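Here is what each chain is made of, one letter per residue.
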Amino acid sequence: MGVRWVLGIESTAHTFSFGAVTEDREPIPSSSSIIRPTEGGIHPREAADHHSDNASRLLQGLLSTHSLSMNNLVGVAYSQGPGLGPCLRVGASVARAISTARNVPLIGVNHCVAHIEIGRTVCGCDDPVLLYVSGGNTQVITRLDGRYRVLGETMDIGIGNMLDKFARHHGYPFPGGPEIEKAALLHRESVKSPSIVGLELPYAVQGMDLAFSGLLNAADTLVEKGASFEAVCWSLQEHAFAASIEVAERALAHTGKKELLLGGGVACNERIREMSDIMCRERGGSAHWPPKMYCIDNGTMIALLGLLQLESIGPTELLDSGVDQMLRTDMTPVAWA
Ligand code: ATP
Ligand code: FE2
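The text that follows walks through the structure, step by step, so that each part is easy to find. (Residues numbered from 1 in each chain as written. Chains lettered and ligands numbered in written order. Predicted model: local features only at pLDDT ≥ 70, side-chain atom pairs only at ≥ 80, totals over all residues. Heavy atoms only, no water.)

## Some thoughts on the overall build of the protein
Stated formally: Put simply, DSSP H or I for four residues or longer makes a helix, DSSP E for two residues or longer makes a strand, and each gets a number counted from the N terminus. In this description the radius of gyration comes from C-alpha coordinates, and the expected globular size is given by 2.2 Å times residues to the power 0.38. The buried label applies to any residue whose accessible area, calculated with a 1.4 Å probe on protein chains only, is under 20% of its type's maximum; exposed applies above 50%, and partly exposed to all values in between. Whether two residues touch is decided by their heavy atoms; if any such pair falls within 4.5 Å, the residues are in contact. Areas reported as accessible are Shrake-Rupley estimates using a 1.4 Å probe. Residue values count occlusion only from the protein chains shown.
A tally of helices and strands in the protein yields nine helices and 12 strands. Against the globule reference of 20 Å for 337 residues, the protein gives a C-alpha radius of gyration of 20 Å, in line with a compact fold. Taken along its principal axes, the extent of the C-alpha atoms in the protein is 60 × 45 × 30 Å. Looking at the protein as a whole, 54% of its 337 residues are labelled buried. Relative to all contacts within the protein whose residues are 6 or more apart in sequence, the contacts with residues 24 or more apart total 75%. Taken as a whole, the protein presents about 14,300 Å² of accessible surface, with 52% of it coming from carbon and sulfur.

## Structural notes on helix α5 (residues 177–190)
In plain terms, the rule: In a helix, the anticipated span is given by 1.5 Å times the number of residues less one.
Helix length check: α5 (14 residues) gives 20 Å between terminal C-alpha atoms against 20 Å at 1.5 Å per residue, within 8%. Among all positions in α5, only G177, I180, E181, A183, A184 and H187 are buried. The secondary structure elements touched by the buried residues of α5 are α4 (159–169), α7 (229–255) and α8 (270–282).

## Some points on the site of ligand 1
We apply this condition: Nearness of a residue to a molecule or strand requires only that one of the residue's heavy atoms be within 4 Å of it. Throughout this description, a polar contact denotes any pair of N or O atoms lying within 3.5 Å of each other; where both atoms belong to protein, one of them has to be capable of donating a hydrogen while the other can accept it, and for residues adjacent in sequence the pair is counted only when both atoms sit in side chains. Just so you know the grouping, Ala, Val, Leu, Ile, Met, Phe, Trp, Tyr, Cys and Pro go in nonpolar, Asp, Glu, Lys and Arg go in charged, and all remaining residues, Gly too, go in polar. For the domain bounds, the source is a domain assignment made automatically or taken from a database.
Neighbouring residues of ligand 1: 24 residues in total, closest Y132, S134, G135, D164 and E181. Here an oxygen atom of ligand 1 and a side-chain polar atom of H14 are 2.9 Å apart. Contact between ligand 1 and G160: an oxygen atom at 3.3 Å from a main-chain N or O atom of the residue. Burial of ligand 1 by the protein chains amounts to 93% of its free accessible area of 640 Å². For the shell around ligand 1, the per-class residue count stands at eight nonpolar, 13 polar and three charged. When residues of the shell around ligand 1 are assigned to domains, at least three fall in each of domain 1 (5–116 + 295–331) and domain 2 (125–290).

## Notes on the coordination of the iron ion (ligand 2)
Selection criterion: For Na, K and Ca the donor cut-off is 3.2 Å; for every other metal, N, O and S atoms count as donors within 2.8 Å. Water does not enter the count, which can leave sites looking incomplete.
Here the iron ion (ligand 2) is held by the protein donor atoms H111 (NE2), H115 (NE2) and D297 (OD), which lie 2.0 to 2.2 Å from it. Considered as a linear motif, the donors of the iron ion (ligand 2) on their single chain read H-x3-H-x181-D. Taken as a pair, H111 in helix α3 (residues 111–123) and D297 in the loop between β12 (286–288) and α9 (299–312) lie far apart in primary sequence, 186 residues in all. A single burial state applies to H111 and to D297, both of which are buried.

## So, the environment of S195
As for its position among the elements, S195 is in the loop between α5 and β9 (205–206). Assessed through its relative accessible area of 53%, S195 is described here as exposed. Separated by 121 residues in sequence, S195 and T316 have C-alpha atoms that sit 54 Å apart.

## Some details on the packing of aromatic side chains
Convention followed: Pairing of aromatic side chains here covers Phe, Tyr and the six-membered ring of Trp, requires ring centres within 6.5 Å, and sorts the geometry by plane angle: under 30 degrees stacked, over 60 edge-to-face, intermediate tilted.
What the rule picks out here adds up to three aromatic pairs. Their ring planes at 85° and their centres at 5.3 Å tell us that F16 and F18 sit as a pair that is edge-to-face. Here F16 falls in the buried class, since its relative accessible area comes to 0%. Using a relative accessible area of 1% as the deciding quantity, one classes F18 as buried. Taking the centre distance of 5.3 Å and the plane angle of 15° together, the rings of Y172 and F229 count as stacked. Of this pair, Y172 sits in the loop between α4 and α5 while F229 sits in helix α7, placing them 57 residues apart in sequence. Counting every residue linked through ring pairs, the aromatic cluster contains F166, Y172 and F229.

## Some remarks on the sheet that holds strand β3 (residues 27–34)
Keep this limit in mind: We treat two strands as partners when DSSP finds at least two bridges between them. Each axis is a line fitted through C-alpha atoms, taken for helices only over the stretch in contact, and angles between the N-to-C directions span 0 to 180 degrees.
The sheet built from five strands is open, its strands ordered β3-β2-β1-β4-β5 with mixed pairing. The open sheet has two edge strands with one neighbour each: β3 and β5 (106–110). Geometrically, the sheet is characterised by an average inter-axis angle of 20° between neighbouring strands, direction not taken into account. Bridge count between strand β4 (residues 73–81) and β5: five bridges; the pairing is parallel. By the bridge assignment, Y78 is partnered in β5 with G108. Each of β1 (5–10), β2 (15–22), β4 and β5 is contacted by helix α2 (residues 85–102), which is oriented at about 160° to β4, the strand it contacts most.

## A short note on the state of the cysteines
Rules: Disulfides are defined as cysteine sulfur pairs within 2.5 Å.
The tally for this structure, following the rule as stated, stands at zero disulfides. A disulfide-free cysteine, C87 has its sulfur positioned 15 Å from the sulfur of C112, the nearest such atom.

## Thoughts on the packing of α7 against α8
Heads up, the rule is: With the far helix as reference, a near helix turned anticlockwise by less than a right angle produces a left-handed crossing, and one turned clockwise produces a right-handed crossing.
At a minimum axis distance of 10 Å, the contact between α7 and α8 shows a crossing angle of 35°. The interaxial crossing formed by α7 with α8 has right-handed handedness. Contacts between α7 and α8 involve Q237, E238, F241, A242, I245, A248, E249 and L252 on the former and, on the latter, R271, I272, M275, S276, M279 and C280. For the contact of α7 with α8, the per-class residue count stands at nine nonpolar, two polar and three charged.

## Side note on unusual backbone geometry
Cis geometry marks the peptide bond from G81 to P82, where omega comes out at -5°. At the junction of F174 and P175, the peptide bond is cis and its omega measures out at -5° in the coordinates. Positive phi, normally seen in glycine, also occurs at D145, with a value near 50°. The residue D145 is located in the loop between β7 (138–144) and β8 (147–153) in this model. Given a relative accessible area of 69%, D145 falls into the exposed group.

Have a look at this one:
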């Protein structure tokens, strides 16, 4: 017989990924490929070509690694948005093809909500405040009246996008976030005194919202004026993370909730995890994050949300299966929680 499972396809931007979840909600790690341009940012058309070139190899990889049989497939979920149009359409087309060929339900899901649900499931959080920190998004979110409401967000670029741009300006290709983390750590370790003095940068908090482009420009200027790249990386992280955590703390205070859940690619960073932990402990609450493979874009989170949606709302009709580049976190009714 074998285990019955749902397939999840992620293709919003740089990553093409097939993941799975069993019918009893057990996540199965994804088989993924990330496009890494040698220069410049992500070009939507090139990323879409990367996705279609890698589709069959990745799907075969998922099936063989986890001994999954297509005969036991009970649904196909895919990211319906938000994201880059050409990339989204590759994922949606692959999903429609598999759903039609295998005669199983098709489920279009909201990528941002998938980042939240994988964290809730893996970390066992019930009703957290979420700090969703990725390349394209920086949002502080909580569930209220059947939706994930955005209490605060970036007004310009996402925090990860800011880190990637800063890294790229100084010679590190995408994704730059992990390189900045390494450089910041080198700086931390090279400074002997217990307290480390940071470089001055603008503060990114604007009421309950955030803004990162001023921080990026100021950090670039510091390096141009001769400050060490490692020292600027450390200060950049401290400023950007402190700002995000300040807004998250205010959201905890306003809502009276006790749990903070991190999600999105930047939640891989050990320093933002540490800072979240300190803030939550000081308030008598707790901070949580899923393993790194479930922070970055992955097919497993899409499969999981697909299963939740299939059980609560049902499948997506073919006519409604078009992609939506501008889909927002708060546009999807949370019928399963
Ligand atoms: P979304 O569509 O949700 O905005 P995304 O396309 O940005 O997602 P993710 O995989 O969620 O994709 O996040 C990628 C981002 O995470 C990149 O900006 C990358 O630099 C950043 N990132 C990954 N690891 C780290 C790290 N250790 N420290 C800081 N940033 C990181
Ligand atoms: Fe993402």
